[in-house]
Amino acid sequence: MIQTVIFDMDGVIVDTEPVHHYAYYQLFNQLNISVPAAVYQTFTGNSTKNIFERLKSTYNLEEDVATLVERKRTLFNEAFDHKEDLFLLDGVLNLIEELHDNKMQLVLASSSAHVTIQRIFKRFNLHRYFTHIVSGEDFPKSKPDPAIFIKAAQLATTPIENCIVIEDSTNGIKAAHAAGIYCVGYKSWHSKGQDYTLANTIIEYFNELDFVKIQKLQL
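A. Representation of the sheet that holds strand E6 (residues 201-203) in the model. What the six strands build is an open sheet, ordered E3-E2-E1-E4-E5-E6; its pairing is parallel. In the strand order of this sheet, the two ends are held by strand E3 (132-135) and E6, each with one partner. Between one strand axis and the next, the sheet turns by 25° as a mean value, whatever way the strands run. Taken together, the four bridges between strand E1 (residues 4-7) and strand E4 (residues 163-167) define a ladder with parallel strand orientation.

Set out below in structure tokens:
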């Protein structure tokens, strides 16, 4: 029986992708590099640190990774603070509240930095629902490496077989699969160019899930 639901954040709880896209491309312009859209799509589910490690190697960037991460984060924060039309994705809060009310443990496992997660959780008052928050910046490798989901299950003190992951990205789905955790692939109109082949089930709307249905999921 499922006891813990592990949520990704970007593309699952809130769609901050347009803000990230704006911040990244602002910085790409400042760095005078051209990153094709097809390459940018492969970043989904990766931490900012890992993304800039790749970019530094590919484009021979002079600045160190930590500086590039901080520059992007500043651009993101400035855009985030001025963006009024930022909302939780349709139906996700109802699902979170129902699971929480039924004593289901909720854990966040996001590739985003701690500061970004805290910014979003504060804006939407989400701390009260989640017992643990795991950030990708604490791991040497990003999704599809399974470490972040394995850590989330350990913090929840829940056996892998009693957890599920809700993910929207190719890398996140691969990470859940590698961790041996049942994965619900959330395929919304926000998701572009992602591969759901390894998801155990696929939903397009959060009203397709509820406490009773989730309890019955198993590999």
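Having seen the model, we can carry on.
B. How the structure looks around the pairing of strand E5 (residues 182-186). The element E5 is extensively covered by neighbouring structure, given that five of its five residues are classed as buried. Where E4 meets E5, four bridges bridge the pair, whose relative direction is parallel. Within the sheet, the bridge partner assigned to Val 165 lies in E5 and is Cys 183. With respect to chirality, the unit in which E4 leads through helix H8 (residues 170-179) into the neighbouring parallel E5 is right-handed. As paired strands, E5 and E6 are joined by three bridges and run parallel to one another. Looking across to E6, one finds that Val 184 is bridged to Thr 201.

C. Here's a closer look at helix H4 (residues 65-82). A rise of 1.5 Å per residue sets the reference length of H4, with its 18 residues, at 26 Å; its end C-alpha atoms lie 26 Å apart and thus fit the reference within 8%. For H4, the full list of buried residues reads Val 65, Leu 68, Val 69, Lys 72, Arg 73, Leu 75, Phe 76, Asn 77, Ala 79 and Phe 80. Against helix H1 (17-31), helix H3 (48-59) and helix H6 (114-124) lie the buried residues of H4. Where H4 begins, one side-chain oxygen reaches toward the backbone nitrogen of Ala 66, 3.3 Å away; that side chain belongs to Asp 64.

D. Layout of the pairing of E1. Burial along E1 is two-sided: Thr 4 and Ile 6 facing one way and Val 5 and Phe 7 facing the other are all buried. By the bridge criterion, four bridges tie E1 to strand E2 (residues 105-110) in an arrangement that is parallel. Bridge pairing in E2 links Val 5 to Leu 106.

E. Representation of unusual backbone geometry within the structure. The omega torsion of the bond from Lys 143 to Pro 144 falls at 20°, within 30 degrees of zero and hence cis. Looking at the secondary structure, you find Pro 144 in the loop between E3 and helix H7 (147-156). Even without being a glycine, Asn 60 presents a positive backbone phi close to 50°. In this structure, Asn 125 is a non-glycine residue whose phi angle is positive, near 55°. Mapped onto the secondary structure, Asn 125 falls in the loop between H6 and E3. What makes Asn 125 partly exposed here is its relative accessible area of 43%.

F. Local environment of H3. Taking 1.5 Å of rise per residue, 12 residues should cover 16 Å, and H3 covers 16 Å from first to last C-alpha, within 8% of that figure. Looking at the buried side of H3, the elements it contacts are H1 and H4. Phi for Asn 60, located one or two positions after H3, is positive at around 50°.

Rules used in this analysis
Residues numbered from 1 in each chain as written. Predicted model: local features only at pLDDT ≥ 70, side-chain atom pairs only at ≥ 80, totals over all residues. Heavy atoms only, no water. Pairing = 2+ DSSP bridges. Helix = DSSP H or I, 4+ residues; strand = E, 2+ residues; numbered from the N terminus. Axes fitted to C-alpha atoms, helices over the stretch in contact; angles between N-to-C directions. Buried < 20%, exposed > 50% of the residue type's maximum accessible area, 1.4 Å probe, protein only. Right-handed = clockwise from strand over helix to strand, strands pointing away. Expected span 1.5 Å × (residues − 1). Contact = heavy atoms within 4.5 Å. Polar contact = N/O pair within 3.5 Å; in protein donor to acceptor, adjacent residues only side chain to side chain.

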